[in-house]
Amino acid sequence: METVINTTTKSDAQQKSSLYRAVWRWHFYAGIIVAPFLIILAVTGSIYLFKPQIEQVIYQDLFEVTPQGDKIPASQQIEEVKRLYPDAVISKYRPGENATRSSEVGLTVNDQSLTVFMDPYTGKSIGELNNEDRIMDKIEEFHGELMIGIIGDRIVELAACWTIVLMVTGLYLWLPRKKPNMSSVLYMRWNKGRSILARDLHVVPAFWITAGMLFLVMTGLPWSGFWGTQFQTIATNSGAGYPPSVWVGNAPVSTVTKDIAEVPWAAETLDVPVSEVQGFIPVSIDDVVQIANREGVHPSYTVFLPKEATGVYTLSAFPPKAEDEITMHIDQYSGAVLTDYRFDHYGFIGQVVALGITLHKGTQFGLINQLASLLICLGIILVAISGFYLWLKRKPRKSMGAPKSTSIKNMKLFLVVLIGLGILFPLVGLSLIVIFLMDVLLIKRIPFLKRFLHV
Amino acid sequence: MCSNKGDGTLKKVFLITIFGLLLGGCSLKEDAAELYLQEQPLHAEVVLPERITSEEPVPIKVILTQYGKKVEEVDSVEFEMWKHDDTNHATVEQPSELEEGTYGINKTFERDGLYYIKIHASKGNAIIMPKVQIVVGELSKSELEYLQKDLPEKEEGHDHHH
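These figures come from a predicted structure and were not determined experimentally.

Calculation notes
- Here the residue numbers are simple positions, counted from 1 along each chain's written sequence.
- Following the order in which they are written, the chains are lettered starting with A and the ligands numbered starting with 1.
- Reporting in this predicted model follows two pLDDT cut-offs: at least 70 for local features of residues, and 80 or more for side-chain atom pairs to be given and counted; totals over whole chains, interfaces and linings ignore these cut-offs and use all residues.
- Helix numbers and strand numbers start at the N terminus; a helix is a DSSP run of H or I with at least 4 residues, a strand a run of E with at least 2.
- A pair of residues counts as a contact when their C-beta atoms, built from backbone coordinates, are separated by no more than 7 Å.
- Residues of type Ala, Val, Leu, Ile, Met, Phe, Trp, Tyr and Cys that are buried and joined through C-beta atoms within 7 Å form what is called a nonpolar core.
- Burial is judged by counting the other C-beta atoms within 10 Å of a residue's own C-beta: 20 or more makes it buried, 12 or fewer makes it exposed, and any count in between marks it as partly exposed, with every C-beta position built from the backbone.
- The domain limits used here are those given by an automatic or database domain assignment.
- Residue-level confidence of the predictor is what pLDDT reports, using numbers from 0 through 100.
- When residues are sorted by character, Ala, Val, Leu, Ile, Met, Phe, Trp, Tyr, Cys and Pro go into the nonpolar class, Asp, Glu, Lys and Arg into the charged class, and all the rest, Gly among them, into the polar class.
- To define axes, lines are fitted to C-alpha atoms, for helices over the stretch in contact only, and angles between the resulting N-to-C directions are given on a 0 to 180 degree scale.
- By the definition adopted for this analysis, an angle is roughly parallel if under 35 degrees, roughly antiparallel if over 145, roughly perpendicular if from 65 to 115, and oblique otherwise.
- For any pair of crossing helices, the crossing counts as left-handed if the nearer helix is rotated counterclockwise from the farther one by less than a right angle, and right-handed if it is rotated clockwise.

1. Structural notes on the overall build of chain B
Tallying secondary structure elements over chain B gives three helices and 10 strands in all. For chain B, contacts bridging at least 24 residues in sequence account for 63% of all contacts bridging at least 6.

2. Quick notes on the nonpolar core
By size, the foremost hydrophobic cluster in this structure holds 70 residues, and its most contacted members are Val288, Val303, Leu315 and Ile330 of chain A together with Ile117 of chain B. For this core, the domains that each give at least three residues are domain 1 (1-65 + 126-242 + 347-455) and domain 2 (248-345) of chain A. Formed by 39 residues, the second largest nonpolar core is a distinct cluster that contains Leu41, Cys161, Val203 and Met213 of chain A.

3. What about the confidence of the model for chain B?
Residue and element names in this part refer to chain B. Averaged over chain B, the pLDDT score is 81; the fraction of residues at 70 or greater is 76%. Across residues 1-8, confidence stays below pLDDT 50; counting only partners more than four residues off in sequence or on other chains, it has 10 contacts. In this model, residues 152-162 is a region of pLDDT below 50 whose contacts with residues beyond four sequence positions or in other chains number five contacts. Across the whole predicted complex the pTM is 0.85, and at the interface the ipTM reaches 0.79.

4. What about the domain arrangement of chain A?
Accessible area lost upon the coming together of the parts is a frequently used measure of interface size. All names here are of chain A. Looking at chain A, the domain boundaries give domain 1 (1-65 + 126-242 + 347-455) and domain 2 (248-345). The C-alpha-based centres of domain 1 and domain 2 are spaced at 43 Å. With 10 residues of domain 1 at the interface, the matching set in domain 2 holds seven residues. Those elements that provide at least two residues to the side of domain 1 that touches domain 2 are helix H8 (227-238) and helix H11 (348-360). The residue inventory of the side of domain 1 that touches domain 2, partitioned by class, reads two nonpolar, eight polar and no charged.

5. A few points about the environment of Leu139 of chain B
You can see Leu139 of chain B is positioned in the loop between strand S10 (131-136) and helix H2 (141-148). Along the primary structure Leu139 of chain B and Lys107 of chain B are separated by 32 residues, whereas in three dimensions their C-alpha atoms are 18 Å apart.

6. Section: the packing of helix H7 (residues 194-220) of chain A against helix H12 (residues 366-394) of chain A
Residue and element names in this part refer to chain A. Between H7 and H12, whose axes approach to 8 Å, the crossing angle comes to 140 degrees. The angle between H7 and H12 places the two elements in the oblique class. Crossing of H7 against H12: the hand is left-handed. Residues Ala198, Arg199, Leu201, His202, Pro205, Ala206, Trp208, Ile209, Gly212, Met213 and Leu216 of H7 lie in contact with H12, whose contacting residues are Ile376, Gly379, Ile380, Leu382, Val383, Ser386, Gly387, Tyr389, Leu390 and Lys393. Of the residues assigned to the contact of H7 with H12, the class counts are 14 nonpolar, five polar and two charged.

And the structure:
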């Protein structure tokens, strides 16, 4: 291991080398903590990329129908579902984007969310799927929140943010310190022995995928629970983001607030005044489908039924290409289009984020997009594993093998970068505070930890 | 904007910023929708007599507004009417303009029962089709049952009734 440099008058070279070690130290600890999560994200992400193909295969029987004649109106399909599931509350209807696609009715019954697949030509149910059992949803949950809800969401977000720290420190360490020599920087050295190979297996691919990795992190962050929500709110408030209700914010309410027909309660007699029974009643789902066709809504849309008397019908489609997105709210009593938000109506940031999301999911450019993203994911796995291997190989038995820490005074620039990242990503900032407190309160006071962590 | 920049007594400012963000966060402005594309939906108010009986002319009026103002000239307005158990015999009538933004007909219902009027109105891209349920004379038993068919569980319903 290196010797401690602790002189009061430092030469330029010494200062540089202590900065180098400080950056290395941060890269080292951040890497060890973040690597397992990066591997999880990359593996689940690689699978999720191929969701369209995978679901097409495993749910083929539920997805595909044979066209024959005209489609049966949505209202009749829903009636059939009500007959089959008398106690269910119907929440959504999806007509199916093409002639061979089944339609879907979403419902909840006994606290379970089911999707019932209907043949729109026969009006009969093809089968049901418990949303809990959808394997790709599980993968997505794992990718987004490690299947443990909000805490998982924050952990993933933290790991993503710390990946930026890893990339910044990594790039600094990667920068050739002597005269530039492109092998070991841009190309692998395959026959210079195992330790050189191990080092190159980490450094070279890491450099090559840095841009892609940064892209995945930056496009993934806007849908994270904490940073993402804050970011989206600021963007929407500024007029440059998504319009409200597309990501953050509520749907508008119905403009019809009075003269809504009431339902008489007692059987046999009319127990409320006639004038109460008279009034507006909701437009039917068939009208909503007709409005969707008239307005040119992308055929992959889903209709979310109003949940309450003041609610609206929400039409939402997030197809493979961001340009086709739409979120439309329709007054449930008048059929008036209350909002019609498409990609063109998003603010600039909203459009960038929307495009980022479809690229992140690998749908924007189809197979090419999926393969490019897969390559980045595989690269991330390789870099995480080779980094881990580098550590194991160099690790002394009785300590972590981290580079010695240097005084904070030697790394002003680095500190500014860290604090900058901490402000930009509050979770990073928060974790920096936790690290700082742990350092002061725990590590510095316990000799074993001090030795082990090489403080 | 929610972010602050800190310098000088770094740690303090830093801490305050972080906790400020964590605790307060940002909330969505109520009028944020005004920054984006806004629709001009038509709004219909239907005026009906308190009690409607069969075999006599009933004045049915609709007042069309757009953002609280009466609509000067609509592109089209039609009343589509049918009896609840006779959807095949829907009639369509063209109302006459009674005053600005107000259109009406005098309709004679031949029989008692549950009827529907669907008002189709449009002005430019704003198109609406509100549906009104009306009771002419007395309701039959089957019509009453029909009205109640979508009722959820009885007890639950009573709790929520207002």
